[in-house]
Amino acid sequence: MAQDSGTRTLISHAQLSRGRGRVIYWTLLAVVVAGFTLVFLGPLYWMVTGALKSGQEIAQTPPTLFPKDPQPQNYIDAWNNLALAKLLFNTFYYAVGAVLFQLVFDTAAAYSLSKLRPMFGNVILALMLGTLMIPAMVLIVPQYVTVIDLPIVHINLLDSPFAIWLPLVANAFNIFLLKRFFDSIPEELMAAALMDGATPLRTLWSIILPLSRPILGVVSIFAVTAVWKDFLWPKLVMPSPETRTVSVGIYAFAGGTPMNVVIAASVIAAIPTVIIFLIFQRNIMSGLTAGSVKG
Amino acid sequence: MAITTVPETPRKPGRPPSPYSARPQRTSLGRKVRDNLTGHAFLIGAVLCFVVFSWYPMVRGIVMSFQRTRRGETTWVGWDNYSRIIADPSFWPAWQNTFYFTVLALVLGYAVPFFVAILLNEFRHAKGYLRILVYLPVMLPPASALFLFKFYAYDPSEAGLFNAILKALHLPTSQWMQSPEMTMPAMVIASTWMNMGGAVLIYLASLQNIPGELYEAAELDGAGIWRRIRHVTIPQTRLILALLAMLQIVATMQLFIEPLILANGAGAEDSATSVAYLIYQHGFFQNDLNGAAALGVIMLVVLAGFSAVYVRLTAKQD
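Residues numbered from 1 in each chain as written. Chains lettered and ligands numbered in written order. Predicted model: local features only at pLDDT ≥ 70, side-chain atom pairs only at ≥ 80, totals over all residues. Heavy atoms only, no water.

Could you give me a rundown of the overall build of chain A, with the residues and numbers involved?
Broken down by element type, chain A carries 15 helices and 0 strands. Here chain A has a C-alpha radius of gyration of 24 Å; the compact-globule value for 295 residues is 19 Å, and the former is much larger. Based on the C-alpha atoms only, the size of chain A along its principal axes is roughly 75 × 70 × 35 Å. Split into buried and exposed, the 295 residues of chain A put 52% on the buried side. Considering only intrachain contacts with a sequence separation of at least 6, the fraction spanning at least 24 residues in chain A is 69%. As displayed, chain A has an accessible area near 13600 Å², and 69% of this comes from carbon and sulfur atoms. Of the charged side chains in chain A, 18 are positive and 13 negative; the average position of the first set lies 14 Å away from that of the second. (Helix = DSSP H or I, 4+ residues; strand = E, 2+ residues; numbered from the N terminus. Rg over C-alpha atoms; globule rule 2.2 N^0.38 Å. Buried < 20%, exposed > 50% of the residue type's maximum accessible area, 1.4 Å probe, protein only. Contact = heavy atoms within 4.5 Å. Areas by Shrake-Rupley, 256 points an atom, 1.4 Å probe, with all protein chains shown as cover. Lys, Arg positive; Asp, Glu negative; His and termini not counted. Charge placed at Lys NZ, Arg CZ, Asp CG, Glu CD.)

Set out below in structure tokens:
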């Protein structure tokens, strides 16, 4: 997207590179870069350094820009007192499982809807897409009741990772995204594979999946961030301290823990997703735009 | 099942089977059934998850809202749950707050990303950096981001970040979350900061699909920047603008974690209670799952009303 400087936008390229336009362009760019850095990076800086301050220094007026007497102890306290290692491990475990379950079930479903097209496929797809309009909050109570006593089999999923993994499979957005991608894979490839006697599963595995790496990456990233960012559902279905996710754990401790330690814990909790984002930001950007509707 | 009674016609040797999607007319019934079964077998995992965790809870929520469970005994109570939930003193404030939040979020969280995207789209430099910056807060766990606002930005003393800025600018400081009037604007600011990255990226993508000739033509006709935005940019991105407006309304209706963390729930004088928070209160604190289910159904009906209005409005424009 950075290379598209040739395309014409709101203001013509020529106008921006001559005389007064050029001055305005560079001034505006400088203002925006500085402003955005302050607005979006500033609070993060505040958070990382604030967690290094002592209790008195935080309450001081005016606030200090650099911690006068850095206290890395806050980070160590956060790590130990909140059992952050355990919380991070739980969250990571749920995230990996969520990726696997979604990749297996949602890919298979999207493949079926896109290429095998069984009877009533369109009805099923419409019913799935219909759930996009229902906010999670509407379903939270009946979903919770369902999870504590699964219909027919009568299993209680509280504190079981399946309570996080399985509901995430029912993700119409992912299935829609995958189906749209599979739709773009030429029908002739399917025909050729069938001609060679490949079973549908074989075709999926050897032809469709290798071609779909970008979209599979996007779905995986979405699955990870969904687990990392979710709050109320894990809070409800993972009630034991041992099975908590990191977000819920920090919240649970916030009441009786000094504020700089809570902030230190928040910083540590944010690090994994921020790193994942910085590594995969290209895929995330293209993935977000792949799902958008042409305006 | 009927499938077992269908006679299998043996496939002629040497004749290649047809691709699934382009079946010739002479396919045998047995083959059709088998193809369908294969297709459904691939669907079954996802469909089961939808049945158990989406479609069934949908129906169950509606049924539950008319029932009451006491000591393991479930009885049909008609509209009792609804009248009880409406009688809750927080019911109307919760709706008021939620709508107020939705309106503020539409003004801030909806318009701001659009203009940020227009601005970013004009730049030829530092684009990648700016896009990463805007999306960075989206990657924070919401609890982390909200604690940041709660402890630093909205500290009511002069040590708070926002108050320090206001004081440096010689403006009156605010009590933020301790002041009922500021609660909602403060929650919208935090929520916009946290969430705008996704919308900016989606707008950027659709801005890049606008043919440059349109701006060219508008410019030749003497249209200034604002008129170009009004007559080219907005009409060209109408679909995505409308879609995100709907998604924004659905998202803001679920306002929950902001009141929970920033305002410890209800906030000063019920100024932070939201409908979603009330669902949580009834369902998981007052042990009134049926009342919470009823409130969920009310929320669904209100949203369906929104969708109906929305569909009519967008249909008229076409």
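Before we move on, could you go through the packing of aromatic side chains and cite the residues and values that matter?
Within this structure, the stated rule accounts for 40 aromatic pairs over all chains. Taken together, a centroid distance of 5.4 Å and an interplanar angle of 80 degrees make the contact between A:Tyr25 and A:Trp26 edge-to-face. Accessibility expressed as a relative area gives 6% for A:Tyr25, which makes it buried. Judged by its relative accessible area of 42%, A:Trp26 falls in the partly exposed class. Measuring from centroid to centroid gives 4.9 Å for A:Tyr144 and B:Phe284, while their planes differ by 90 degrees, and the two rings are edge-to-face. Linking A:Tyr144 in helix H7 (residues 136-148) with B:Phe284 in helix H12 (residues 275-284), this pair reaches from one chain into another. Looking at A:Tyr144, the relative accessible area reads 15%, which means it is buried. Taken together, A:Phe36, A:Phe40, B:Phe149, B:Tyr154, B:Phe162, B:Trp176 and B:Trp193 form an aromatic cluster joined through their ring pairs. (Phe/Tyr/Trp six-rings, centres within 6.5 Å; stacked < 30°, edge-to-face > 60°.)

How would you summarise the domain arrangement of chain B if you had to cite specific residues and measurements?
All names here are of chain B. Entries for chain B in the domain assignment read domain 1 (38-77) and domain 2 (87-315). Taking the mean C-alpha position of each, domain 1 and domain 2 sit 31 Å from one another. Facing the 8 residues of domain 1 at the interface are 7 residues of domain 2. For the pair domain 1 and domain 2, the two sides together bury roughly 580 Å², of which 60% comes from carbon and sulfur. Among the residues domain 1 hides against domain 2, the three largest losses belong to Met 64, Ser 65 and Arg 68. Together they make up 62% of the total. Taken together, domain 1 and domain 2 are joined by 1 salt bridge. Residues Arg 68 and Asp 288 are paired through a salt bridge, measuring 3.0 Å at the closest nitrogen-oxygen approach. (Domains from an automatic or database assignment. Buried area = accessible area lost by both parts, 1.4 Å probe. Salt bridge = Lys/Arg side-chain N within 4 Å of Asp/Glu carboxyl O.)

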